[in-house]
Amino acid sequence: MKAITNDIKNKKLFLLDIDGTVSFDATPIEGALDFLAEVRNLGGKYVFITNNSTKSIEDYIIKFTKMGIPVDDSSFLTSTTATATFLKQRYDEQLLYVLGTKSFVNELRKYGLKVTEEANDSLKSSIVAAVVGFDSELNYTKIENICELLQTTNIDYFATNPDLSCPVSYGYIPDCGAICNLLKEAVKREPVYLGKPNNLMVDMACEESGYSKEETIVIGDRLYTDIACGINAGVDTAVVFTGEAKYEDLKSTAFPPTYYCDSIKDLYIALRD
Ligand SMILES: [Mg+2]
């Protein structure tokens, strides 16, 4: 663990968290645009990796274009896209039970997954896994369905992201991790979370871009998701103090980053100099 240095000039693939690292809502953090321009100048690539499963890649492209950040389809990995890709590789055409929004269900179908939101007796025997996403359309029938499946069958159990709360204009609402904790109280099972800190998104970004783990760095503002994700993937990491983590947290964290710095502006200076 050390203050940021220009060692990071050796990096080619920059995997960035969004909220609290690159922007707050729709406003870029000071230095973010310069940093991303410098990555492009040096012939590198940036990919934004986020646990937020409520926005689609199309939504992110619109948001980033408005902020003046050049992006395309390959610039984003969300916990939804990672989950869909993982499930497709693992289960292909087998039937999955989904607890999530209509848009999440549609997103999974776009990847060619066979999914159901019902758990009647005729379907139950063919369901091989349950998957939970952040569900702002949650109701008690969905809760009962998944509780029955998780207790009467030994299907696999996954969820998009372990975040407990999601910020909204007036405060917070329960996110995917909180929904899974509610279920855990009843069924005593916990899902495998596929978003950060799982290394899945880092592995996917390396594979898709062709860059090695040595050429890759994860940058974020949360130690137990962003930095833990990089550590789990075996890549270097940098924490910024513009979001959740503060310098004092470094003393006691179980997830020590390779580098720390005040903000993305320091990363820009380290790349430039
Ligand atoms: Mg963040």
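What you see is a predicted model; the values in this text were computed from it and never measured.

**Examining the UniProt feature "binding site: Mg(2+)" (unreviewed entry) in the chain**
Okay, so step 1: The UniProt entry lists Asp17, Asp19 and Asp221 under the feature "binding site: Mg(2+)" (unreviewed entry), expressed in the numbering used here. In three dimensions, the annotated residues from a span of 205 residues occupy one location, with a maximal C-alpha spread of 8.2 Å. Residues from the annotated list that form part of the lining of the largest pocket: Asp17, Asp19 and Asp221.
Okay, so step 2: Tracing the chain through its elements places Asp17 in the loop between β2 (13-16) and β3 (23-24).
Okay, so step 3: Not counting residues within four places of it along the chain, the set of residues in contact with Asp17 comprises Val22, Ile49, Lys196, Ile219, Gly220, Asp221 and Asp226.
Okay, so step 4: In this structure the side chain of Asp17 is engaged in a polar contact, spanning 2.9 Å, whose partner is the side chain of Thr21.
Okay, so step 5: Here Asp19 shows up in the loop between β2 and β3.
Okay, so step 6: When its relative accessible area of 38% is taken as the criterion, Asp19 is described as partly exposed.

**Remarks on helix α10 (residues 264-272)**
Okay, so step 1: Those residues of α10 that fall on the buried side of the exposure criterion are Ile264, Leu267, Tyr268, Ala270 and Leu271. Considered in projection along α10, the buried side chains sweep an arc of 165 degrees and stay on one side of the axis.
Okay, so step 2: On its buried face, α10 is in contact with β2, α1 (32-41), β14 (216-220), β15 (236-240) and β16 (259-261).

**Topic: the pattern of salt bridges**
Okay, so step 1: Scanning all chains against the criterion turns up 18 salt bridges.
Okay, so step 2: Ionic pairing is found between Lys265 and Glu30, a salt bridge with its closest N-O pair at 3.1 Å. One end of the pair, Lys265, is in helix α10; the other, Glu30, is in the loop between β4 (27-28) and α1, and 235 residues separate them in sequence.
Okay, so step 3: The partly exposed category is assigned to Lys265, whose relative accessible area is 35%.

**Looking at the side chain of Lys63**
Okay, so step 1: In this fold, Lys63 is placed in helix α2 (residues 57-66).
Okay, so step 2: No salt bridge is formed by the buried Lys63; its nearest oppositely charged neighbour, Asp19, is found at 4.3 Å.
Okay, so step 3: Excluding residues within four positions of it along the chain, Lys63 makes contact with Asp19, Ser23, Asp25 and Lys55.

**With respect to the packing of helix α6 (residues 140-152) against helix α7 (residues 176-187)**
Okay, so step 1: Direction vectors running N to C along α6 and α7 enclose 50 degrees, while the axes themselves pass 10 Å from each other. Taken together, α6 and α7 sit at an angle that is classed as oblique. Crossing of α6 over α7 shows right-handed handedness. On the side of α6, the interface is formed by Ile143, Ile146, Cys147, Leu150 and Gln151, while α7 contributes Leu182, Leu183, Ala186 and Val187.
Okay, so step 2: Each residue belonging to the contact of α6 with α7 can be placed in one class, and the counts come to eight nonpolar, one polar and no charged.

**Details of the coordination of the magnesium ion**
Okay, so step 1: Taken together, Asp17 (OD), Asp19 (O) and Asp221 (OD) make up the protein donors of the magnesium ion, found 2.1 to 2.2 Å from the metal.
Okay, so step 2: For the magnesium ion, the donor residues sit on a single chain with the sequence spacing D-x1-D-x201-D.

**With respect to the side chain of Asp163**
Okay, so step 1: Tracing the sequence through the fold places Asp163 in the loop between β10 (156-159) and β11 (165-168).
Okay, so step 2: Only 2.9 Å separates the side chain of Asp163 from the side chain of Asn51, close enough to count as a polar contact.
Okay, so step 3: At 2.9 Å, the side chain of Asp163 forms a polar contact with the side chain of Arg222.

**A look at a negative patch on the surface**
Okay, so step 1: The grouping of Glu58, Asp59, Asp72 and Asp73 at the surface amounts to a negative patch.
Okay, so step 2: Structurally, the position occupied by Asp59 is in helix α2.
Okay, so step 3: Judged by its relative accessible area of 35%, Asp59 falls in the partly exposed class.

Calculation rules
- Residues numbered from 1 in each chain as written.
- Predicted model: local features only at pLDDT ≥ 70, side-chain atom pairs only at ≥ 80, totals over all residues.
- Heavy atoms only, no water.
- UniProt positions renumbered as here; feature names shortened; annotations may be inferred.
- 1 Å grid on protein atoms, 1.4 Å probe; cavity = no way out; pocket = protein on both sides within 12 Å on 5 of 7 lines; lining within 4 Å.
- Helix = DSSP H or I, 4+ residues; strand = E, 2+ residues; numbered from the N terminus.
- Contact = heavy atoms within 4.5 Å.
- Polar contact = N/O pair within 3.5 Å; in protein donor to acceptor, adjacent residues only side chain to side chain.
- Buried < 20%, exposed > 50% of the residue type's maximum accessible area, 1.4 Å probe, protein only.
- Arc of directions from axis to C-beta.
- Salt bridge = Lys/Arg side-chain N within 4 Å of Asp/Glu carboxyl O.
- Lys, Arg positive; Asp, Glu negative; His and termini not counted.
- Axes fitted to C-alpha atoms, helices over the stretch in contact; angles between N-to-C directions.
- Parallel < 35°, antiparallel > 145°, perpendicular 65-115°, else oblique.
- Left-handed = near helix turned anticlockwise from the far one by under 90°.
- Nonpolar A, V, L, I, M, F, W, Y, C, P; charged D, E, K, R; others polar.
- Donors = N, O, S within 2.8 Å, 3.2 Å for Na, K, Ca; no water.
- Patch = residues over 30% accessible without salt bridge, like charges linked within 9 Å, V, L, I, M, F, W, Y side chains within 5 Å.
- Areas by Shrake-Rupley, 256 points an atom, 1.4 Å probe, with all protein chains shown as cover.
- Charge placed at Lys NZ, Arg CZ, Asp CG, Glu CD.

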